[in-house]
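Coordinate inspection notes
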Amino acid sequence: MRRKLLLFTLVISLIFPVFLQSKKKPRLPLKYKKWIKEEAVYIISPKERKVFYELETDRERELFIEEFWRHRDPTPGTPRNEFREEHYRRIEYANKKLGRGTATRGWATDQGRIYITLGEPMQVVKINTVDINPVEIWYYQGNPRLGQPSIFRLLFFKRQGVGAYELYNPISDGPRVLVPASDLRMPGNPQAMYQARIDWRDLVAYEILKRQVSIELAEAAWSSFPGRDSPDHRLPSVMLIDELKSHPYKKVKDDYAYEFLEHKAVVEVSYSVYHMDNQSQVKVIQAPSGHFFVNYSIEPEKLSVDLFQGKYLANIKTSVRVTDLEEKTIFQQSKNFPIELDKKQLKKIGQRPFHLCDSIPMIPGTYKFNLLFENTVTKEFTSFEKDISVPEPEFFRMSSLILAAKVNQDSPYSEFNKAFQVGKLQLYPSPTNDFFNEEKLFLFFQVYGLSPELERGGQIQFIFYKDEQKFQALTRQIKEYRQRRDFLQDFPLDEFPPGKYRVKVSLLDEEGRELLFEKEDFSLSSKALPESWIVSQTNPSFKEPVYFFLYGNQYLNKGEIKKARHELEKAYEREPEAMDFALSYARVLLLLKEFQRAQQILLPFFEKGRQEFQLYYYLGLSSQAEDNLEAAISFYQKALSHQGNVKEVLNSIGECFYQLGDNEQALRAWQKSMEIDPNQKKVKQMVEKLQEKN
């Protein structure tokens, strides 16, 4: 019984490995510690900083730093990055000129931070008299687009007359820090000052500054805004000073950082990346076969091509990953879309937006859909993530709405699986939902589980809203439509003025009660929009057994073993010569402890000389379960010869030798396994036990 339990544990560990283990982050090397804490400390956003600390290798850090500077490059595509050059020039200046005579390096002083982030001031006023502590006033031209005044000033002072210049705060510091304490004497009637809730020392200091030094300095002590000298301007001045801390990264779209972290495994092994924005949408459609497909469309910010031997080349690689609510991977797939154009084709395409469409089969459930889009020729990438829900076929439900400016109701590919195609109907949706108001708007949706009563008396209601106001409405009987699941309705847009709209589609019963509804936003333009350049692959026919194979593996990844067996058995029976189908089917049989059936499936491939690690390993597991230990050892050794040392296989070999009484060979196998992973408690106990016997 003990041996059976160990065997089953090994099978589970192979099929559902645990990759995510908590581990301590490595210490940051000095080079990167200096970069994050000194060189980029003032200009890196909180999001970027968080991602940088999540990186694990120097290679990842180097790629991230390159991407960090690229997102700040004012002239992308040129050899120089003027922003980076200017940034390091400012650091060098700060270290040479600022903080001199103190123990603090220039970049780390308040003046250094302001100089590095804002640059050289347009004017500097230096005041150093016996009446006050040393002061400098820096004037800057603001950026109204960032909420800054057109002109503002910052005051720096030496606290108690010594040390580095500090950035003055009119509330927490106040004018009193600018004047020697010995000069501050309480006036004869301080009551009025207390009523104003201002420290009397600040009012006295303000008067000293105004009468004995300069009106300009006195104003600056209350306000960062030239021409304003009231204490009421202290709070807006403090808000401006606080806002300047985020100024360096306000104009940077730092979403790329999380995308970099999400896909850093791909990035590290492929190339230095160049992130792009994108527009995208994901829709779930039920095919005529009854299965559901997740259809996606993505429009990257741009598509670059490379010229080689007179051809303009690009290669789009898509990596799809679908996870459940527990972040377990249910489906993943990579595809390549090679693009080759001649000069004439490139000219014809011109500036038309590039639009990629594809679809994947998906079993019912609630998921996160993640897509990584890479141009492997020009090293550009973008990605998106969306929540999706695939219903059970028998559920009463309405699909989300698909808006398109163009459809083909007699597609020649109706027998195949293409993105946004239902039978003979091919939809061409826009990822941006932008339309021209002289076109037609085609609106498509599906309703699942319609009852006969609704088919006879139900209604579909369409309501268009513009600026939250009802603009147009249409109601039709369900029986007016040829299809009772697939609904297509077109609307001329010539009476719709340009603007933003929302369309709501409702399913009503015979008495007009709303049962289901869906909404979608879209925009109308008075200018004709360029037609998209659409790239889409034709996938296998719905009749192909590959779909049973894909559904079966999805159920297997969800842990629904019986449903997985049902699908994988159908795939194998339709194409028994396909080794992938056989291995997946055998994998389920091992989980269900149907060891003899698994051997029947796999032995023909072994007898034909097929070489595959999983083939040898699964045959070893099934032989071990049937007490054919010598055969199991032989299969396991073939697996090791094919793949190299794998701890699960070594543990199984050790168990077989131990059952046969060959403790020396068992010890040798388990010791090799411990070299791979020393944290195997049960294996370690067996090794110590056999070593004691020896």
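The notes below deal with the structure included here. Counting of residues starts from 1 at the beginning of each chain's written sequence and follows it residue by residue. Local features in this predicted model are restricted to residues of pLDDT 70 or higher, and side-chain atom pairs are both shown and tallied only at a pLDDT of 80 or more, whereas totals for entire chains, interfaces and linings draw on every residue. Side-chain metrics rest on all non-hydrogen atoms present in the structure, leaving aside hydrogens and water.

Of regular secondary structure, the protein possesses 23 helices and 25 strands. Against the globule reference of 26 Å for 694 residues, the protein gives a C-alpha radius of gyration of 35 Å, more extended than a compact globule. Classification of the 694 residues of the protein by burial places 49% in the buried group. Contacts in the protein between residues far apart in sequence, at least 24 positions, make up 63% of those at least 6 positions apart. Accessible surface is estimated by sampling points in the Shrake-Rupley manner with a 1.4 Å probe; for residues, cover comes only from the protein chains shown. When the accessible surface of the protein is summed, it comes to about 35800 Å², and 48% of that surface belongs to carbon and sulfur atoms. In this count, Lys and Arg are taken as positive residues and Asp and Glu as negative ones, while His and the chain termini are left out. Every charge is mapped to an atom, namely NZ of Lys, CZ of Arg, CG of Asp or CD of Glu. Charged side chains in the protein number 100 positive and 96 negative. The centres of these two groups are separated by 3 Å. The secondary structure listing takes helices from DSSP runs of H or I that are at least 4 residues long and strands from runs of E that are at least 2 residues long, numbered from the N terminus. For the radius of gyration, the atoms used are the C-alpha atoms, and the globule rule reads 2.2 Å times the number of residues raised to 0.38. Think of it in three bands: with a 1.4 Å probe and only protein chains considered, a residue is buried below 20% of the maximum accessible area for its type, exposed above 50%, and partly exposed in between. Whether two residues are in contact is decided by their heavy atoms, any of which lying within 4.5 Å being enough.

A few words on helix α23 (residues 681–693). Counted at 1.5 Å a residue, the expected span for α23 with its 13 residues is 18 Å, and the 19 Å between its end C-alpha atoms agrees. Restricting attention to buried positions, one finds in α23 the residues V683, M686, V687 and L690. The buried residues of α23 all sit within an arc of 100° when viewed along its axis, so they share a single face. Among the exposed residues of α23, those pointing more than 90 degrees away from its buried face are K681 and E692. By this rule the span expected of a helix is its residue count minus one, scaled by 1.5 Å. As used here, the arc belongs to the directions running from the helix axis to the C-beta atoms.

With that out of the way, let us pick up the sheet that holds strand β6 (residues 278–286). For two strands to count as paired, DSSP must find a minimum of two bridges between them. Here we have 4 strands laid out as an open sheet, ordered β6-β7-β11-β25, and mixed in their pairing. Taken across any chain shown, the strands that pair with only one partner, and hence form the sheet edges, are β6 and β25 (533–536). With strand direction ignored, the average angle separating the axes of adjacent strands in the sheet is 20°. Angles shown run from 0 to 180 degrees and are taken between the N-to-C directions of axes, each axis being a line fitted to C-alpha atoms and, for helices, limited to the stretch in contact.

The subject of this paragraph is the packing of helix α2 (residues 30–39) against helix α3 (residues 46–54). Where α2 contacts α3, the two axes come as close as 12 Å, and the packing angle between them is 170°. Between α2 and α3, the crossing angle belongs to the class labelled roughly antiparallel. With respect to the hand of their crossing, α2 and α3 are arranged in left-handed fashion. On the side of α2, the interface is formed by Y32, W35, I36 and K37, while α3 contributes R49, F52 and Y53. By the definition adopted for this analysis, an angle is roughly parallel if under 35 degrees, roughly antiparallel if over 145, roughly perpendicular if from 65 to 115, and oblique otherwise. Each helix crossing is assigned a hand: it is left-handed if the near helix lies turned anticlockwise from the far helix by less than a right angle, otherwise right-handed if that turn is clockwise.

The first and last C-alpha atoms of helix α16 (residues 561–574) sit 20 Å apart over 14 residues, in line with the 20 Å expected at 1.5 Å per residue. Along α16, the positions that sit buried rather than exposed are I561, A564, E567, L568, K570, A571 and Y572. Tucked inside the fold, the buried residues of α16 contact α15 (546–558), α17 (579–591) and α18 (595–607).

All right, on to the pairing of strand β3 (residues 151–157) then. Counted residue by residue, β3 has 6 buried out of 7 residues, so it is predominantly covered. Bridge count for strand β2 (residues 135–141) against β3 is 7 bridges, and the pairing is antiparallel. Of the residues in β3, the one forming a bridge with Y139 is R153. Relative to strand β4 (residues 166–167), β3 runs antiparallel, the two sharing 2 bridges. Residue pairing for β4: F157 is matched across the bridge by E166.

Quick look at the pattern of salt bridges now. When a carboxyl oxygen of Asp or Glu is within 4 Å of a side-chain nitrogen of Lys or Arg, the pair counts as a salt bridge. Taken as a whole and assessed by the stated rule, the structure comprises 40 salt bridges. Residue D387 pairs with K368 through a salt bridge whose shortest N-O separation is 2.7 Å. Taken together, the residues D387 in strand β13 (residues 380–390) and K368 in strand β12 (residues 365–375) connect sequence positions 19 residues apart. With a shortest N-O distance of 3.8 Å, K570 and E567 are connected by a salt bridge. In this pair, K570 and E567 both sit in helix α16, 3 residues apart, roughly one turn of the helix. If you follow the salt bridges from partner to partner, you end up with K47, D254 and D255 in one network.

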